[in-house]
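# A look at the structure
This is what each chain is made of:
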Amino acid sequence: MSSVTRIAIAVVERDGRYLVGLRTKQQTLAGKAEFPGGKVEANETFEAAAIRECLEETGLEIEIVSHLDSVEWDYDHGRIALEFILCRVGSQQEPRPPFRWVAGNELPNLDWPDANQTVIQKL
Ligand SMILES: Nc1nc2c([nH]c(=O)n2[C@@H]2O[C@H](COP(=O)(O)OP(=O)(O)OP(=O)(O)O)[C@@H](O)[C@H]2O)c(=O)[nH]1
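Keep in mind that what you see is a predicted model, and the values were worked out from it rather than measured.

Assigned secondary structure in the protein chain consists of two helices and seven strands. Helices (α) and strands (β) of the protein chain occur, in sequence order from the N terminus, as β-β-β-β-α-β-β-β-α. Rg of the C-alpha trace for the protein chain: 14 Å, near the compact-globule value of 14 Å for 123 residues, within the 12% margin. A principal-axis box enclosing the C-alpha atoms of the protein chain has dimensions of 45 × 35 × 30 Å. When the 123 residues of the protein chain are sorted by exposure, 44% land in the buried category. The long-range fraction of contacts in the protein chain, counting pairs at least 24 apart against all pairs at least 6 apart in sequence, stands at 67%. Of note, the protein chain has its 13 positive side-chain charges centred 3 Å away from the centre of its 20 negative side-chain charges.

On to the side chain of Arg14, then. Within the secondary structure, Arg14 sits in strand S1 (residues 4–14). Residue classification places Arg14 among the buried residues on the basis of a relative accessible area of 8%. Side-chain polar atoms of Arg14 contact the side chain of Glu94, separated by 3.3 Å. With near-sequence residues (within four places) excluded, Arg14 lies in contact with Val89, Ser91, Gln92, Gln93, Glu94 and Trp101.

Below, the discussion takes up the state of the cysteines. Put plainly, a disulfide is one covalent bond tying together the sulfur atoms of two cysteines. The final tally for this structure, using the stated rule, is zero disulfides. The thiol of Cys54 is unpaired, and the distance to the nearest cysteine sulfur, on Cys87, comes to 7.0 Å.

To continue, consider the site of the ligand. In the region of the ligand, 18 residues are neighbours, and Phe35, Lys39, Tyr75, His77 and Asn116 sit closest. Contact distances for the ligand include 2.6 Å between an oxygen atom and a side-chain N or O atom of Lys39. Tyr75 places a polar side-chain atom, nitrogen or oxygen, 2.7 Å from an oxygen atom of the ligand. Against a free-state accessible area of 650 Å², the protein chains account for coverage of 78% of the ligand.

On to the layout of surface pockets, then. In this structure, the largest pocket occupies an estimated 490 Å³ of space. Looking at the lining of the largest pocket, the elements with two or more residues in it are S1, strand S4 (37–39), helix H1 (46–58) and strand S6 (78–88). In terms of residue class, the lining of the largest pocket is made up of nine nonpolar, eight polar and six charged.

Conventions adopted
Residues numbered from 1 in each chain as written. Predicted model: local features only at pLDDT ≥ 70, side-chain atom pairs only at ≥ 80, totals over all residues. Heavy atoms only, no water. Helix = DSSP H or I, 4+ residues; strand = E, 2+ residues; numbered from the N terminus. Rg over C-alpha atoms; globule rule 2.2 N^0.38 Å. Buried < 20%, exposed > 50% of the residue type's maximum accessible area, 1.4 Å probe, protein only. Contact = heavy atoms within 4.5 Å. Lys, Arg positive; Asp, Glu negative; His and termini not counted. Charge placed at Lys NZ, Arg CZ, Asp CG, Glu CD. Polar contact = N/O pair within 3.5 Å; in protein donor to acceptor, adjacent residues only side chain to side chain. Disulfide = S-S within 2.5 Å. Near = heavy atom within 4 Å. Areas by Shrake-Rupley, 256 points an atom, 1.4 Å probe, with all protein chains shown as cover. 1 Å grid on protein atoms, 1.4 Å probe; cavity = no way out; pocket = protein on both sides within 12 Å on 5 of 7 lines; lining within 4 Å. Points joined across faces, edges and corners; volume = space filled by probe spheres on them. Nonpolar A, V, L, I, M, F, W, Y, C, P; charged D, E, K, R; others polar.

Laid out in structure tokens, this is it:
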């Protein structure tokens, strides 16, 4: 049995809009929309990983608000356990592209990874 990779996802909200990126051709699930996130390192909490990945990918410093959802998913590229964490950003700083702010009511119109479907319905 293959092991499960732990993934932390930062669902960052500011004024009813959410931080959304686009997975590149080089990544798995290329062309899909994504929230900032990635693999949790050894001895790292999900929350710390969400903050670190968001800073690395978007340049924005965030704070944890609450836990949103836990999802396990079997992709062709492996089995992952995702923790979706609601976060906020204090500043009016703009994210590094391709990340951008998307209105909450626009989120269902984007092409998301399958594992994101339940969390999108909750926002
Ligand atoms: N970042 C991100 N990954 C997601 C989302 N939804 C989802 O299923 N995933 C999956 O979660 C995993 C995240 O891994 P990643 O490859 O982006 O993370 P990473 O940067 O640490 O990995 P790398 O070092 O291999 O590039 C992938 O399997 C990706 O397909 C999402 O909304 N955001």
